[in-house]
Structure formats: structure tokens, C-alpha cells
Amino acid sequence: MHYRSLGHTGVQVSSLALGAMNFGRIGRTTQEEVTAIVEAALTAGINLIDTADAYSGGQSEEMVGKAIAGRREDIVLATKVALPMGDNPNARGSSRRWLVTELDNSLRRLGVDHVDIYQIHRWDPATSDEETLSALTDLQRTGKIRYFGSSTFPAYRIVEAQWAARTHHLGRYVTEQPAYSILQRGVESHVLPVTEQYGLGVLVWSPLASGWLSGAVRQGKEVTTSRSTMMPARFDTAIPANRAKLEAVEQLAKVADEAGLTMIQLALGFVTAHPAVTAALIGPRTLEHLDSQLAAADTILSADVLDAVDAIVAPGVDLAPAEKNDTPPALLDASLRRRPAA
């Protein structure tokens with residue numbers, strides 16, 4: 001396992017990190033299975049575990065807490081806040097009121113007195129950067145969080161938050177967690193240059209593109225992954241973007257075969273090769289999944305392989321733009337980019 005500095009924090013984290021979204025109802029995992037996955041990951045050298053309050057309504061945090069009991073000091077522990085936690089309109093977002101309340105809830109579920117990285121799960125347009133950063137800075141001073149970061153922020157929001165921190169003399173985000181894979185490379189043209197400019201650690205999620213790059217999705221093969229059940233539209237090849245992904249996958253499989261790699265090794269080796277990326281989040285649902293992903297821990301792709309990938313999916317290109325989570329609202333809602341009639 002390789003270790004890298006998390007931005008400018010000085011904290012060393014493994015180049016593969018354990019994502020806990022599949023722990024609990026979402027992945028239909030038991031506590032026994034979660035504990036075994038966490039133990040195997042730590043034994044393999046992974047030292048960063050990332051979860052969120054919204055994963056299975058808090059169940060993921062509870063399972064992670066039980067799995068790491070007695071090993072807290074071995075782990076860089078990260079969680080997230082901002083997605084809805086029920087029907088209460090104030091039980092979401094990044095207001096001071098909610099951050100203070102929900103951090104205590106997360107700490108209780110995790111069974112710890114602090115988290116190392118507290119991340120805003122999505123940008124909250126209803127709350128100012130000053131409000132959010134002020135609350136996070138105060139929580140950091142209490143010792144309940146060591147650092148704070150953002151997740152899936154558009155590049156311009158990352159910049160705005162850095163300037164707000166500077167202007168108001170507040171703590172700043174030191175990490176960003178974007179979606180990034182061979183099939184979704186748009187962040188290379190905007191988000192990753194910004195994170196490099198500001199020295200942010202980058203923890204990328206969905207490096208296997210919801211299973212498209214795991215080897216489970218191939219031409220003529222029935223797709224039976226859990227993600228295809230949860231999000232059937234993302235695997236419907238009648239949709240042009242999905243046909244483009246399938247064509248790319250078939251070409252990438254040839255590149256992997258010729259290089260003596262699995263598709264998973266190619267996919268994880270690709271994202272961790274980018275100089276802006278600190279770690280790739282893997283989200284295993286079973287020990288078998290974990291083992292196949294850990295096989296990529298020492299994968300270093302040659303320049304020839306990386307060039308071959310570039311020839312299949314060009315740098316900065318998203319094959320499925322509609323699947324992005326950091327698209328500016330005006331690109332999705334026509335009314336936001338048109339002046340009302342006089």
C-alpha cells in the first residue's frame with residue numbers, strides 16, 4: 001500500500017481508502033460482514049475510512065463505529081453532512097444550526113469523540129460560505145473535528161469558499177471529494193486544477209463508475225450488479241450515453257488484457273496516477289469485492305497504458321454528463337439561464 005500526504009495537512013493516508021456507503025441497508029450488509037471488511041482493509045494497509053450520516057440513514061456510521069472499536073487511533077476517520085436526514089426541512093444543508101446538531105449525532109453513532117475529516121456532502125445554495133465555514137471553524141476549535149472538507153463541489157464553489165475563508169479569517173476546506181473515473185473525466189478540466197492550486201487533498205469517489213469498470217459490464221453479458229438494480233437507467237444501453245460507455249469499456253478491456261491487468265486494476269491505477277489525486281475510495285459490499293480492489297493497491301500504469309486510455313476517453317471528457325453531481329444548476333434548468341419575458 002502506498003501512502004500520500006493529504007493536501008498540506010501532513011496527514012499520511014493510503015492511496016486506496018475504504019468507502020462505507022454500502023454498509024447497512026444500501027448494500028444489504030450485516031454487522032459481521034462490515035467488521036470483516038474493515039478488519040481486512042486495515043490489515044492490508046488502508047488507514048482512511050469514509051462514511052456519511054445519510055448512508056442508510058445513519059446505519060453506516062453505526063456499523064463503522066462498531067467495526068473500529070478499539071482501533072480508533074489507527075484510522076483517519078471521515079464522515080459527511082448536508083444531505084437530508086428525514087422530512088424536517090432543517091435536518092439538512094450546511095447551516096450552523098444543523099452542523100452543530102448533526103456532528104454530535106454522527107459522533108454518537110460512530111462511538112467516537114472526534115472525526116478527522118468532516119465534509120460538506122454537497123454545496124448548499126441556501127447557506128452562505130461564511131456561515132458554514134464559521135460553524136466548521138468553531139467545531140474544529142472544540143476538538144470535535146480535526147479538518148474539514150467539501151464533496152462534489154463545482155470548481156467555482158471551491159474557489160468561492162477559499163476566498164470566503166481568507167476574507168473572513170476562518171478555517172478553510174482542506175479536502176475535496178469529487179466523482180472521477182476513466183468514463184467521467186470532466187473534473188480534469190476544472191475541479192482538479194483548482195484543488196492543485198489551493199493544495200487540497202483529493203479523495204475520489206466512484207472510480208469504478210458504479211460498476212461499469214469492474215469487469216461486470218460487458219457486451220452481451222447480463223448486468224446483475226446491485227447498482228444496476230438501484231439505478232437501472234444508468235445501465236440501459238438504449239440510452240446513447242450508456243452505449244458510449246459500453247463501447248469504451250470494450251476497448252478498455254483490450255488495453256487491460258494486453259497489459260496483464262484486471263479492469264479494476266486499470267480503473268483504480270488510472271485515477272491514482274493523477275498527481276492531484278490523494279486516494280481512491282473503494283466501496284466493497286463483500287470481502288470478495290474488497291480482495292479484487294486491493295489487488296490494485298500497488299498498480300502503477302505505464303505511460304503506454306495511460307496513452308491508450310486517453311485515446312479511448314479523451315482527457316476532460318464525461319461520457320455521461322447527465323450523471324454528474326457538480327453541474328451548475330443553470331445547465332440543468334433552462335429557466336435559470338433565461339431572463340423572464342418583460
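Just so it is clear, the structure is predicted and the values come from calculations on it, not from any experiment.

Thresholds applied
Residues numbered from 1 in each chain as written. Predicted model: local features only at pLDDT ≥ 70, side-chain atom pairs only at ≥ 80, totals over all residues. Heavy atoms only, no water. Helix = DSSP H or I, 4+ residues; strand = E, 2+ residues; numbered from the N terminus. Buried < 20%, exposed > 50% of the residue type's maximum accessible area, 1.4 Å probe, protein only. Salt bridge = Lys/Arg side-chain N within 4 Å of Asp/Glu carboxyl O. Core = buried A, V, L, I, M, F, W, Y, C linked by side-chain atoms within 4.5 Å. Contact = heavy atoms within 4.5 Å. Pairing = 2+ DSSP bridges. Right-handed = clockwise from strand over helix to strand, strands pointing away.

Draft legend 1. Summary view of unusual backbone geometry. Backbone geometry places arginine 28, a non-glycine residue, at a positive phi of 55 degrees. Position of arginine 28 relative to the elements: it lies in the loop between strand S3 (16-19) and helix H1 (31-43). Residue class for arginine 28 comes out exposed when judged on its relative accessible area of 59%. Although it is not a glycine, serine 56 adopts a positive phi angle of roughly 55 degrees.

Draft legend 2. Summary view of the pattern of salt bridges. Under the defined criterion, the tally for this structure stands at 14 salt bridges. Of the charged contacts, one joins arginine 109 and glutamate 61 as a salt bridge, the two residues approaching to 2.6 Å between their closest N and O atoms. One end of the pair, arginine 109, is in helix H3 (residues 96-110); the other, glutamate 61, is in helix H2 (residues 59-67), with 48 residues separating them in the sequence. For the pair arginine 109 and glutamate 61, a shared accessibility class is recorded, and that class is buried. In the salt-bridge network here, residues are joined through shared partners; they are Glu39, Arg71 and Asp74.

Draft legend 3. Up close: the nonpolar core. Among the nonpolar cores identified, the biggest contains 88 residues, and Phe23, Val38, Leu77, Leu183, Leu213, Leu252 and Leu266 are the most heavily contacted of them. Those residues within four positions of valine 38 in sequence are excluded, and the remaining contacts are Leu18, Phe23, Ile49, Ala67 and Ile68. Membership of the second largest hydrophobic core comes to ten residues, among which are Leu6, Val13, Ala17 and Ala279.

Draft legend 4. Examining the pairing of strand S6 (residues 115-120) more closely. Of all the six residues making up S6, six are buried; the element is thus mostly covered by neighbouring parts of the structure. Inspection of the sheet shows strand S5 (residues 76-81) paired to S6 by four bridges, in the parallel sense. The residue bridging valine 81 from the neighbouring strand is isoleucine 120, located in S6. The β-α-β motif built from S5, the intervening H3 and the parallel element S6 has right-handed crossover chirality. Bridge count for S6 against strand S7 (residues 145-151) is five bridges, and the pairing is parallel.

Draft legend 5. How the structure looks around the pairing of strand S9 (residues 201-204). Going residue by residue along S9, you find Gly201 and Leu203 tucked away on one face and Val202 and Val204 tucked away on the opposite face as well. A crossover links strand S8 (residues 175-177) with its parallel partner S9, the connecting element being helix H6 (residues 191-198), and its sense is right-handed. Across two bridges, S9 lies against strand S10 (residues 279-282) in parallel orientation. Bridged to valine 204 within S10 is alanine 280.

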